[in-house]
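# Results of the structural survey
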Amino acid sequence: MTVESAGPAAATGTALSEPPVAGGAVPLLGHGWRLARDPLAFLTRLRDHGDVVRLRLGPKTVYAVTAPHLTGALALSPDYIIAGPLWESLESLLGKEGVATANGPLHRRQRRTIQPAFRLDAIPGYGPVMAEEAYALVDRWSTGEVLDVTAESFRAAVRVSARCLMRGGYMDVHAERICADLATLFSGMYQRMVVPLGPLYRVPVPSNREFNRALADLHLLVDEIVADRRASGRKPDDLLTALLDAKDDQGEPIGEQEIHDQVIAILTPGSETVGSMLMSLLLVLTEHPETGDRIRAEVERTVGGRPVAFEDVRKLTYTANVVVETMRLHPAVWVLTRRTVADTELGGYRIPAGADVIYSPYAVQRDRRSFDRPEQFDPDRWLPGRSGEVPKYAMAPFSVGNRKCPSDHFSMAELTLITAVLATAYRFEQAPGSDPRPRIGITLRPRALKVRAVPR
Ligand code: HEM
């Protein structure tokens, strides 16, 4: 079936019913107030109302999918595209011509351009940068001072993405600037998405001015990155070179706007997600000190006394399972939305063309139908003998299908390496003032983690 096709409901002519409306709606606001008040609890409880349910958000109807086989079917179906409120709120940052927001043939061509940089055989080339940044954290944290984990995690994430994918001394310097801009932008964008006050965000109060300054600076910075690379005449084998050399379907060089949007669309999701996951991993290490001890024992057993290198990562199976289990319980991408391009069918129900559809990896990955003791942190559930029990698509923190994160191997290698290095060097304790409750934003992460790194 193609994106243009009418979908199975229309094709077969069968009259399907719409999914049931989830319980708990109130007049006027519908389910909106519950969703706004506690989105994680609300989305998690939706499974009790059905595999596919309708939500009323004010005057709007949104379709929510709760069963893993159906979230998988949705992600794999061409009847759904990237569109809807989440994406509209991200447009001022991501543009419309980058891989994260484009659809159809443009998206397919862009995936072909970026994919080589993320291929399994390209990842070892990034190993030295990943290891260098991991050990840089160990050095920075040796003072014994209380760490602001938010700033530290995002800084590391931006530096690894920028240095690996857009190599060069220029990026080393400007990673700090990208980092500061993104921190301002991501919190502002989430606010704009959940509280859509439109023109009020143009009023020149300090918070709006700061948001606009960060947005303008990030766009300027990306233009500088591109200009700098062109002026250097260098063509290292990296993602930026691939973007600058990319051709459109007619064999013509792609336009400046597309190059710009592509750089942003790769740097920003990469930094926000990895930064959030690093925070959650540090949270887990404070909550489960025995996990840190086991990671250290694994590193000592497999690596010995020398520094951990990228080549060791595939042998660090316990550490990798800790990363996977942390992603299950604290998925950085906790909610995803799509829009239908045609009348279609899901789980035996009719979903009309133009409908907004939502699902939550957080809810699916904590579903008792898929996981034994779902709330319990248990890295060993990913051991070969046990992981086979997990239903298909019940664990998909990088998603599946044509929008699957291109960086799954890259991110797993990065997070496993950094976790191994940090847990071997330090035990982590939360310090006074730490607030580990989940912070709901574009990504999910601890609200304000303050940590002391205690040398082992
Ligand atoms: C897409 C998760 C790291 C670049 C996605 C999607 C998910 C995801 C779930 C699919 C979104 C959707 O279906 O709507 C993650 C997680 C990460 C991570 C959990 C880290 C732990 C990264 C990194 C980069 C990156 C490091 C780049 C350096 C992208 C891009 C897309 C994407 C460009 C859009 C792909 C497309 O639409 O074709 N990511 N991501 N991600 N991710 Fe990641």
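The protein is annotated in an unreviewed UniProt entry as Epi-isozizaene 5-monooxygenase/(E)-beta-farnesene synthase from Streptomyces fumanus. As stated in UniProt under Cofactor (unreviewed entry), the record for the protein gives "heme".

### As for the coordination of the iron atom of the ligand
Tetrahedral coordination by four donors places them ideally at 109.5 degrees to one another around the metal; octahedral coordination by six donors ideally gives 90 or 180 degrees. Exactly one protein atom donates to the iron atom of the ligand; that atom is Cys405 (SG), 2.3 Å from the metal. Structurally, cysteine 405 is set in the loop between helix 16 (384-387) and helix 17 (408-425).

### Quick look at empty space enclosed by the protein
Summed over the entire model, instances satisfying the criterion amount to six cavities of 30 Å³ or more. Its boundaries defined by the atoms lining it, the largest cavity holds a volume of some 920 Å³. What lines the largest cavity is a set of 45 residues, and nearest its centre among them are Pro269, Gly270, Thr273, Val333 and Cys405. Counting residues per element, the ones that place at least two in the lining of the largest cavity are helix 5 (85-94), helix 6 (104-118), helix 8 (149-165), helix 12 (256-287), strand 5 (336-340) and helix 17. Considering every element that reaches the lining of the largest cavity, the biggest residue donor is helix 12, with nine residues.

### Here's the deal with the side chain of threonine 268
The residue threonine 268 is located in helix 12 in this model. In contact with threonine 268, other than residues within four places in its own chain, are Leu93, Leu94, Leu182, Phe186 and Leu218.

### Structural notes on the site of the ligand
As a matter of local geometry, the ligand sits amid 29 residues, with His107, Arg111, Arg338, Arg403 and Cys405 nearest to it. A distance of 3.3 Å separates an oxygen atom of the ligand from a polar atom in the backbone of valine 99. More than half of the atoms of the ligand fall within 2 Å of the grid points belonging to the largest cavity. When contributions to the shell around the ligand are tallied by element, the ones reaching two or more residues are helix 6, helix 8, helix 12, strand 5 and helix 17. No other element matches the six residues that helix 12 contributes to the shell around the ligand. Looking at the shell around the ligand residue by residue, the classes come out as 18 nonpolar, eight polar and three charged. Domain assignment of the residues forming the shell around the ligand places at least three in each of domain 1 (1-96 + 334-394) and domain 2 (106-330 + 397-456).

### What to know about the packing of helix 7 (residues 127-140) against helix 17
Each pair of packed helices gets described by two things: the angle between the helix axes and the distance between those axes. Look at helix 7 against helix 17: their axes get within 9 Å of each other, and the N-to-C directions meet at 35°. Judged by the sense of rotation from one axis to the other, the crossing of helix 7 with helix 17 is right-handed. Counted together, Gly127, Met130, Ala131, Ala134, Tyr135, Leu137 and Val138 of helix 7 and Phe410, Ala413, Glu414, Leu417, Ile418, Val421, Leu422 and Ala425 of helix 17 form the full contact between these two elements.

### Here's the deal with the layout of surface pockets
Counted as a void, the second largest pocket has a volume near 290 Å³. Elements supplying a minimum of two residues to the lining of the second largest pocket: helix 14 (317-329) and helix 17. The element that contributes the greatest number of residues to the lining of the second largest pocket is helix 17, accounting for four residues. Residue classes in the lining of the second largest pocket are distributed as nine nonpolar, three polar and two charged.

### A short note on the side chain of arginine 328
Inspection of the secondary structure assignment puts arginine 328 in helix 14. A polar atom in the side chain of arginine 328 sits 2.9 Å from the side chain of glutamate 325. Within the local environment of arginine 328, its side chain forms a polar contact with the backbone oxygen of glutamine 365, the two atoms lying 2.9 Å apart. The residues contacting arginine 328, other than those within four sequence positions of it, are Gln365, Arg366, Phe371, Pro374, Gln376, Arg381, Trp382 and Met395.

### Looking at helix 5
Taken together, the buried positions of helix 5 are Leu86, Trp87, Ser89, Leu90, Leu93 and Leu94. Buried residues of helix 5, viewed axially, fall in a sector of 160°; they line one side.

### Quick word on the confidence of the model for the protein
Per-chain confidence: the protein averages 89 in pLDDT, with 95% of residues scoring 70 or above. Per-residue pLDDT stays below 50 along residues 1-12; that stretch engages in 22 contacts with residues further than four places along the chain or on separate chains.

### Structural notes on the domain arrangement of the protein
Under the domain assignment, the protein is made up of domain 1 (1-96 + 334-394) and domain 2 (106-330 + 397-456). Taken together, the contact between domain 1 and domain 2 spans 34 residues of the former and 38 residues of the latter. Across the domain 1 to domain 2 interface the summed buried area is about 2,900 Å²; carbon plus sulfur atoms make up 65%. When the buried area of domain 1 at its contact with domain 2 is split by residue, Leu93, Trp334 and Phe377 rank highest and sum to 26% of it. In this assembly, domain 1 and domain 2 are joined by two salt bridges. Among the ionic pairs, glutamate 325 bridges to arginine 381, the shortest N-O distance being 3.0 Å. The interface formed by domain 1 and domain 2 includes ten residue pairs in polar contact (both at pLDDT 80 or more). Secondary-structure elements contributing two or more residues to the side of domain 1 that touches domain 2 are helix 3 (39-45), helix 4 (68-76), helix 5 and strand 5. With seven residues, helix 5 is the single largest residue contributor to the side of domain 1 that touches domain 2. Partitioning the side of domain 1 that touches domain 2 into residue classes produces 21 nonpolar, six polar and seven charged.

Reading the values: the criteria
- Residues numbered from 1 in each chain as written.
- Predicted model: local features only at pLDDT ≥ 70, side-chain atom pairs only at ≥ 80, totals over all residues.
- Heavy atoms only, no water.
- UniProt positions renumbered as here; feature names shortened; annotations may be inferred.
- Donors = N, O, S within 2.8 Å, 3.2 Å for Na, K, Ca; no water.
- Helix = DSSP H or I, 4+ residues; strand = E, 2+ residues; numbered from the N terminus.
- 1 Å grid on protein atoms, 1.4 Å probe; cavity = no way out; pocket = protein on both sides within 12 Å on 5 of 7 lines; lining within 4 Å.
- Points joined across faces, edges and corners; volume = space filled by probe spheres on them.
- Contact = heavy atoms within 4.5 Å.
- Near = heavy atom within 4 Å.
- Polar contact = N/O pair within 3.5 Å; in protein donor to acceptor, adjacent residues only side chain to side chain.
- Sits in = over half its atoms within 2 Å of the grid points.
- Nonpolar A, V, L, I, M, F, W, Y, C, P; charged D, E, K, R; others polar.
- Domains from an automatic or database assignment.
- Axes fitted to C-alpha atoms, helices over the stretch in contact; angles between N-to-C directions.
- Left-handed = near helix turned anticlockwise from the far one by under 90°.
- Buried < 20%, exposed > 50% of the residue type's maximum accessible area, 1.4 Å probe, protein only.
- Arc of directions from axis to C-beta.
- pLDDT = per-residue confidence, 0-100.
- Buried area = accessible area lost by both parts, 1.4 Å probe.
- Salt bridge = Lys/Arg side-chain N within 4 Å of Asp/Glu carboxyl O.

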